[in-house]
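# Fold and contact review
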Amino acid sequence: MIIAMDGPAASGKGTLGRKLAEKFDLAYLDTGALYRAVGLGLKRAGHGPEDADRAAHAAKTLDPDLLNDPELRSEQVGHMASIIAANPVVRANLLAFQRDFARHPPSGKAGAVLDGRDIGTVVCLMRM
Ligand SMILES: Nc1ncnc2c1ncn2[C@@H]1O[C@H](COP(=O)(O)OP(=O)(O)O)[C@@H](O)[C@H]1O
Ligand SMILES: Nc1ccn([C@@H]2O[C@H](COP(=O)(O)OP(=O)(O)O)[C@@H](O)[C@H]2O)c(=O)n1
């Protein structure tokens, strides 16, 4: 089972998505965190979000440890994420990560909840 939570910022995707994942024992992925993690990785390496090639590479080689970093939620990293999210190569590279998570949820879970702006429209289409 895959549950797609689509919606704009602060519409409650994360709140409801986490609750659904807990209730049905599913894996949960906050896809905004992926874009934020790319931003945080660039920031730590001393680069800006406009560096398209570096952002694309960082998205392909995403460091999963960054997903749990407290700085992920900072306003600066959120701003970087919004610039990075406009890069089509970054989006394509993160698509692979998201689809893999949906197809093979971690920890042997029977399904996944994905939250983001484009889950039902792009990431988790019927024939992905
Ligand atoms: N059903 C709800 N009723 C009232 N407030 C809510 C509800 N769902 C979420 N919120 C609040 O709205 C804010 C944004 O929720 P969040 O789940 O972070 O949104 P998103 O993941 O879509 O950005 C949070 O402060 C959260 O506590
Ligand atoms: N599926 C997604 C999730 C986030 N994003 C972008 O990633 C940035 C960070 O998202 P966020 O963590 O603040 O998540 P929201 O609660 O704003 O959806 C935002 O600028 C979103 O536009 C995206 O483009 N596609």
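Residues numbered from 1 in each chain as written. Chains lettered and ligands numbered in written order. Predicted model: local features only at pLDDT ≥ 70, side-chain atom pairs only at ≥ 80, totals over all residues. Heavy atoms only, no water.

The protein goes by (d)CMP kinase in an unreviewed UniProt entry, where it is assigned to Iodidimonas gelatinilytica.

## Some remarks on the layout of surface pockets
What the largest pocket holds in volume is close to 530 Å³. Here the element with the most residues in the lining of the largest pocket is helix 2 (residues 31–44); it accounts for five residues. In the lining of the largest pocket, the residues fall into six nonpolar, eight polar and nine charged. Approximately 210 Å³ is the volume attributed to the second largest pocket. Lining of the second largest pocket is provided by R18, Y28, L29, D30, A33, P64, L67, N68, R73, F97 and F101. If you list the elements that add at least two residues to the lining of the second largest pocket, you get strand 2 (27–30) and helix 5 (88–103). The greatest single-element share of the lining of the second largest pocket, amounting to three residues, is contributed by strand 2. Among the residues forming the lining of the second largest pocket, the class breakdown is seven nonpolar, one polar and three charged. (1 Å grid on protein atoms, 1.4 Å probe; cavity = no way out; pocket = protein on both sides within 12 Å on 5 of 7 lines; lining within 4 Å. Points joined across faces, edges and corners; volume = space filled by probe spheres on them. Helix = DSSP H or I, 4+ residues; strand = E, 2+ residues; numbered from the N terminus. Nonpolar A, V, L, I, M, F, W, Y, C, P; charged D, E, K, R; others polar.)

## As for the pattern of salt bridges
Using the criterion set out here, one finds seven salt bridges in the structure. D30 is the partner of R73 in a salt bridge, and the nearest nitrogen-oxygen pair spans 2.8 Å. Remark: D30 occurs in strand 2 and R73 occurs in the loop between helix 3 (52–60) and helix 4 (75–84); sequence separation between them is 43 residues. In this structure, the salt-bridge partner of R44 is E71, at a minimum N-O distance of 2.7 Å. On the criterion of sequence distance, the pair formed by R44 in helix 2 and E71 in the loop between helix 3 and helix 4 is long-range, its members being 27 residues apart. Among the ionic contacts, a cluster of salt bridges with common partners joins K43, R44, D69 and E71. (Salt bridge = Lys/Arg side-chain N within 4 Å of Asp/Glu carboxyl O.)

## What to know about the site of ligand 2
Around ligand 2, the structure places 14 residues, and the nearest of them are T31, R36, R91, R117 and D118. R36 has a polar side-chain atom sitting 2.7 Å from an oxygen atom of ligand 2. In this structure, an oxygen atom belonging to ligand 2 sits 2.8 Å away from a side-chain N or O atom of R91. Considering ligand 2 on its own, with 510 Å² of exposed area, one finds that the protein chains cover 84% of that surface. Looking at the shell around ligand 2, the elements that each hand over two or more residues are helix 2 and helix 4. (Near = heavy atom within 4 Å. Polar contact = N/O pair within 3.5 Å; in protein donor to acceptor, adjacent residues only side chain to side chain. Areas by Shrake-Rupley, 256 points an atom, 1.4 Å probe, with all protein chains shown as cover.)

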